[in-house]
Amino acid sequence: MKTRAALAMLLLSGCAGLEARPPLEPLAARPASGQPEPTPGPIAPPELVKADLSTDHREGSYDVVRAIRPGNRYVSVSFTFPKHASPKVQRVTGLLLHLAYQRLDAALPAGARALSFDRGTGVQLGFVTLPSKVEACFEALAELLKDPSPAFEDYTTKRRDFLQDLVSSSWSTLGLNLVRMGRFGAEHRWAEGAATQVRAIAKVREARARERWDRLFDLSRGTLVMAGGPGHLPPLEQIRSTLPAPGASSTEEAPEKLEVPPARTDGGMRFHALWFDDEQVRVQAYHVGPAPTHPDYPAFRAIAQLLDGGFRGEGNRSLRHEKGATYGVGSEFSVGRDFSELLWGGPIQPEQALELMLVHEEMTTRLRIGEVSQAEVDSALASLRTQRATRLEDPESLVQKLADCASAGVPTTYEACLAPEADGVSKDDVVRVARTYLEPINLEWLFMGEMGTIKSRLQFMGTLIFYKREKAE
Amino acid sequence: MTALAMLPLLLGASSSFESFTLSNGLQVVLDPEPHRNSVAVVAAYPVGRSGGPPGRRGLSHLVEHLVFRRAGRVGRFQAVEHLQDVGGQFNGTTHPGYTLYECLIPPSELETMLFYERERMGFSRDAVTADDLRLEQAIVARELELRGGVGRDLYRARLQAFLPPSSPWIPSKLEKEEVQEHTLEDVRWFLERYHRPDNAILAISGRFDAERTRRFIQEIFGALVAPEQPLPARVGADPRLAGPKASLEVHDPGKEAGLGRVWMFPHRSGRVYRHLARDLLHAHLSRALKPHTERIHDRTTRWEVLGSFEVLSHEVEGKASRSLDPVAADYARAIAELPESIDAMFEGDRLDRAKTRLQVRYLRYLDTPMERAKLAATGWLEEDTMSFEQVLEQIETATVTDVRPMLEHALSTQPLPVRTFAERDDFDFELKGVER
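All chains use their own residue numbering, which begins from 1 and follows the written sequence. Written order determines the labels here, with chains lettered from A and ligands numbered from 1. At least 70 in pLDDT is required for a residue's local features to be given in this predicted model, at least 80 for side-chain atom pairs to be given and counted, and no such filter applies to totals for whole chains, interfaces and linings, which use all residues. The side-chain values count all of the structure's non-hydrogen atoms but skip hydrogen atoms and water molecules.

**A look at the overall build of chain A**
Stage number 1. Think of it this way: any DSSP run of H or I at least four residues long counts as a helix, any run of E at least two long counts as a strand, and we number them from the N terminus. Assigned secondary structure in chain A consists of 16 helices and 12 strands.
Stage number 2. With a 1.4 Å probe rolled over the protein chains alone, any residue whose accessible area is under 20% of its type maximum counts as buried; one over 50% counts as exposed, and the rest are partly exposed. Each of the 473 residues in chain A was classed as buried or not, and the buried ones make up 53%.
Stage number 3. Accessible surface for chain A amounts to roughly 20000 Å². Of this, 52% is attributable to carbon and sulfur atoms. For the area figures, the Shrake-Rupley method with a 1.4 Å probe applies, and any residue is considered shielded solely by the protein chains shown.

In structure tokens form, the structure reads like this:
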């Protein structure tokens, strides 16, 4: 404690109390401009500048999606592979992507940087670069996918480094792991946390890792996505000759289907809590929704947008704008291959935590009993569509979105990227889907932070599960 | 011709921002990009959390919240709700030396947005109410609670290590309490003195008709009258900056151990060369620490512009369950030897590699209107008016002669003895639930 005390003394030095507040000079009268007030003039909505998308699909090979957008100045390329059905492959996916990224980044020429992402729908491996460097960079990516041997050099050291990194950074995913564990049960593979991954990776020797690399980075499962300006991307023939298709794969296992929403039988309310010293408590409602390919998905996405509400949202109106009890309330929506996840809530003063839960109850009840208008649905989705159009400008964003679409199994079109759910979702769809997915029995609550004020109230309302950290070994 | 030398050809004509100043002093930077689906508007004021009237620190952050709640005479939250309805993205950010109001919108909303920005700039003083103040004081307190903690304490400790105790650049430990002290009169005084056309920069990037927008800006912003009072002086560099700097070993007690060191680079004297210098320094320290890879989780450099200098902070984060003690000695030695290591930093192709890394970083911003507008606004504030294209060109032509003086300046003074504040816990990560 000695060193902590020293740090505290250092931090407190020179700031023992509030600064003196000398008086300010008096305000001057505001000068009037004397000119009439102009008003904004109307500007006609301009036509959307879309990326020119071409998709080349061949049986027994990988798909190629090329997005060419006028004016874009750099190039982004990503090979995307859907989440593998096998839990054994899934558990080592992070390690394999780490090996791939390290090798690719070392092999790329000057003027390029490797990128890798482990997303809910799949993994992405690629690069951003100058237009003049695309061919050389793509050759480096193709070499790695044809022969991954260089990625496995000094495998044991790389695996050890990766494991230590995984342990060091796993805390950030705590919240999601925690609610997933509550939702699916700790034994379910969707809920596996860092500890299970660490144990699995620690046991995987090089030969087994190579075998799983071949299954994860199986070209016939993948989609190559490229985006850049006119004249930046190599022609299809060149792509196919640099990275020939390996032929049809028969190793893919049937994906495990998740029942959505998973049935709960206990009937009571459940609260998952992690208690630590803080001034606020982060309260989040967790809903599981359908996968992007499911017919209910568009309406569920609309529900996520309606619940969020941004500055207009009921949570922000009643608790932020009117009471100053929170810095902000909103929703987080993420998509997996077999389901989607909606988190709603935010950090709040502990005294107002139950009020936040009531706002959620009120909002979801309104949706379930049909107290929502078609105009509200249309407005929320139009806003979502415009948001996407204004953000899908640069090659990296385009590639990311298209790769997500490819991995999720939805069409890789510009329209699909924008917001297909914006078209044709009716108020009745929203109400029907809300009754399925927003029923209280399918809800889990997560609390992280100061629990002293609300612990006893939650215990009175349902089952309160406290989590504690335990060593992995 | 090298790949880097081809850059201007690949990027098209080397463009620069179009700028003009209205008769009331408002500076405007236009960056028309006709192929975009959006337009970004950034209004910048050169007063941040380190500035403002004496004894009223934190006022700029509170004011940022207040004028976001009510843009001049526009109704409460009306502007942000409208922007949200049309799919816009918006934010206000208070930095040490400046405050930004940022917005990304569909092109059809540009004039409405400019109208809101004009209201915010010219008519907020008399629009703020006591209720607004009370509620935003509470919201800022909630924000500061979220942003407090060890990371912010360590940042403050680093600045205290080499700035005089009274320096306004050191964040206050009592920021949350100070915010509650501000009165409506303080807020109005601040808006009177700082939210004025001759103390602002307006930058627009994306899809818009430059001629029409220029006329519209002249019409609506030109009607604002700058107050007669002179502009308050900006917070400048500290006289003690040329003196010795301290090394600190720092630590995040909740998670992982870390080591850190701060340097200062002169600012307003070459953004590109400064960036390259800090990249070379980072790479050099990474090489020095390579024997300890198994103990190091991450190496990071962070930097922040504080007036006419830039603080660079280098941090080493330890891996879980690994002691950093063996690293500390080598780290301290590498730091002590830095002034004699400058030649080594430029050996072989090291400068070219640093140029590549910087080039890719800027490349990723090239096609993003918001980043372009922010670069324009902050560049003008910092008297560095290069466009992205010009930045990329300067990276291409940078030589050892350009970059070396930056490093020499930063590394020339003797560091103070290392002080240790490290104390670590074992890091646990598996979760198990217990029903209560």
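So much for the structure itself; the text now carries on.
**Focus: the overall build of chain B**
Stage number 1. When its secondary structure is counted, chain B shows 16 helices and 12 strands.
Stage number 2. Relative to its full complement of 436 residues, chain B shows a buried share of 63%.
Stage number 3. By definition in these notes, contact holds between two residues if any of their heavy atoms fall within 4.5 Å. Within chain B, contacts between residues separated by at least 24 positions form 80% of all contacts whose residues are at least 6 apart in sequence.
Stage number 4. Counting every atom, chain B has about 15600 Å² of accessible surface; 49% of that belongs to carbon and sulfur.

**Thoughts on the sheet that holds strand β5 (residues 122-129) of chain A**
Residues and elements named next belong to chain A.
Stage number 1. Should DSSP find at least two bridges between two strands, the strands are regarded as paired. Spatial ordering of the open sheet is given by β1-β2-β6-β3-β5-β4, a layout of six strands whose pairing is mixed. Edge positions in the sheet fall to β1 (52-56) and β4 (112-118), since each has one partner strand and no second. Along the sheet, successive strands turn relative to each other by an average axial angle of 15°, direction set aside.
Stage number 2. The pairing of strand β3 (residues 75-82) with strand β6 (residues 223-228) spans five bridges and is antiparallel. In the sheet register, Thr80 faces β6, and the bridge partner there is Thr223.
Stage number 3. Only C-alpha atoms enter the line fits that serve as axes; for helices the fit covers just the stretch in contact. Angles between N-to-C directions range over 0 to 180 degrees. Packing against the sheet, helix α2 (residues 87-107) makes contact with β4 and β5, and its axis sits at approximately 175° to β4.

**Let's talk about the pattern of salt bridges**
Stage number 1. In what follows, salt bridge is the name for a side-chain nitrogen of Lys or Arg lying within 4 Å of a carboxyl oxygen of Asp or Glu. For the structure shown, the criterion picks out 52 salt bridges over all chains.
Stage number 2. With a shortest N-O distance of 3.9 Å, Arg366 of chain A and Glu371 of chain A are connected by a salt bridge.
Stage number 3. Residue Asp367 of chain B is joined to Arg36 of chain B by a salt bridge in which the shortest nitrogen-to-oxygen separation is 3.0 Å. Residue Asp367 of chain B is located in the loop between α13 (350-366) and α14 (369-381), and its partner Arg36 of chain B is located in the loop between β2 (27-32) and β3 (39-45); the two are separated by 331 residues in the primary sequence. For the pair Asp367 of chain B and Arg36 of chain B, one class covers both residues: buried.
Stage number 4. Overlapping salt bridges bring together Arg69, Arg73 and Glu393 of chain A together with Asp31, Glu33, Arg36, Asp367, Arg372 and Glu389 of chain B as one network.

**Regarding the packing of helix α9 (residues 297-308) of chain A against helix α15 (residues 427-437) of chain A**
Residue and element names in this part refer to chain A.
Stage number 1. Close contact between α9 and α15 brings their axes to 9 Å; oriented N to C, the two are set at 85°. Classed by the angle they form, the pair α9 and α15 counts as roughly perpendicular. Between α9, through Ala299, Phe300, Ala302, Ile303 and Leu306, and α15, the contact on the second element is made entirely by Asp429, Val430, Val433, Ala434 and Tyr437.
Stage number 2. When residues are grouped by polarity, Ala, Val, Leu, Ile, Met, Phe, Trp, Tyr, Cys and Pro land in nonpolar, Asp, Glu, Lys and Arg in charged, and all others, Gly among them, in polar. Taken together, the residues of the contact of α9 with α15 break down into nine nonpolar, no polar and one charged. Each angle gets one of four labels, with under 35 degrees taken as roughly parallel, over 145 as roughly antiparallel, 65 to 115 as roughly perpendicular, and the rest as oblique.

**What about the packing of aromatic side chains?**
Stage number 1. The rule is short: rings of Phe, Tyr and Trp, with Trp giving its six-membered ring, pair when the centres are within 6.5 Å, and they are stacked under 30 degrees, edge-to-face over 60, tilted in between. Using the criterion set out here, one finds 19 aromatic pairs over all chains in the structure.
Stage number 2. With a centroid separation of 5.8 Å and 25° between ring planes, the pair formed by Trp275 of chain A and Phe466 of chain A is classed as stacked. Pair noted here: Trp275 of chain A is in strand β7 (residues 269-275) and Phe466 of chain A is in strand β12 (residues 462-470), with a separation of 191 residues, a long-range link.
Stage number 3. On the basis of relative accessible area, Trp275 of chain A is assigned to the partly exposed category, the value being 40%.
Stage number 4. Summarising the aromatic geometry, the rings of Tyr365 of chain B and Phe388 of chain B are spaced 6.1 Å apart at their centres and angled 55° between planes, so their arrangement reads as tilted. Separated by 23 residues along the polypeptide, Tyr365 of chain B in helix α13 and Phe388 of chain B in helix α15 (residues 388-397) bring together distant segments of the chain.

**Here's the deal with the side chain of Asp186 of chain B**
Stage number 1. Checked against the element boundaries, Asp186 of chain B lands in helix α8 (residues 184-194).
Stage number 2. As used in this structure description, the phrase polar contact means that two N or O atoms lie within 3.5 Å; if the pair is within protein, one of them must be able to donate a hydrogen and the other to accept it, and residues adjacent in sequence are counted only when both atoms belong to side chains. For Asp186 of chain B, the side chain forms a polar contact with the main-chain nitrogen of Thr183 of chain B, separated by 3.0 Å.
Stage number 3. Excluding residues within four positions of it along the chain, Asp186 of chain B makes contact with Arg21 and Leu24 of chain A together with Arg56, Leu59 and Glu181 of chain B.

**Overview of helix α3 (residues 78-85) of chain B**
Stage number 1. Listed as buried for α3 of chain B are Ala79, Val80, Glu81, Leu83 and Gln84 of chain B.
Stage number 2. In this fold, the buried residues of α3 of chain B make contact with α10 (314-321) and α12 (374-391) of chain A together with α2 (59-69), β4 (89-94), β5 (99-105) and α4 (110-122) of chain B.
Stage number 3. Downstream of α3 of chain B by one or two residues, Gly87 of chain B has phi in the positive range, about 85°.

**Section: the nonpolar core**
Residue and element names in this part refer to chain B.
Stage number 1. Only buried residues count toward a nonpolar core, which is a set of Ala, Val, Leu, Ile, Met, Phe, Trp, Tyr and Cys residues joined through side-chain atoms within 4.5 Å. The biggest cluster of nonpolar side chains holds 61 residues, and the ones touching the most others in it are Trp263, Leu281, Leu407 and Leu411.
Stage number 2. The residues touching Trp263, leaving out its near neighbours within four places in the chain, are Leu281, Leu285, Glu310, Val311, Leu312, His314, Ile335, Leu338, Ala410 and Leu411.
Stage number 3. Counting residues in hydrophobic clusters, the runner-up holds 53 residues, among them Phe20, Ala43, Leu83 and Leu110.

**Concerning a nonpolar patch on the surface**
Stage number 1. Nonpolar side chains (Val, Leu, Ile, Met, Phe, Trp, Tyr) are joined into patches within 5 Å and like charges within 9 Å, using only residues with over 30% relative accessible area and no salt bridge. A cluster of nonpolar side chains, contributed by Met269, Phe460 and Met461 of chain A, occupies part of the molecular surface with about 340 Å² of accessible area.
Stage number 2. Of note, Phe460 of chain A is situated in helix α16 (residues 455-461).

**A word on the sheet that holds β2 of chain B**
Residue and element names in this part refer to chain B.
Stage number 1. Strand order in this open sheet of six strands is β1-β2-β6-β3-β5-β4, and the pairing throughout is mixed. Every interior strand has two partners, whereas the edge strands, β1 (18-21) and β4, have only one. Averaged over all adjacent pairs, the angle separating strand axes in this sheet is 10°, with direction ignored.
Stage number 2. Sheet topology note: the β3/strand β6 (residues 201-206) ladder contains six bridges and is antiparallel. Within β6, the residue paired with Ala40 across the bridge is Ser205.
Stage number 3. Across the sheet, α2 lies against β4 and β5, angled at about 160° from β4, the strand it touches most.

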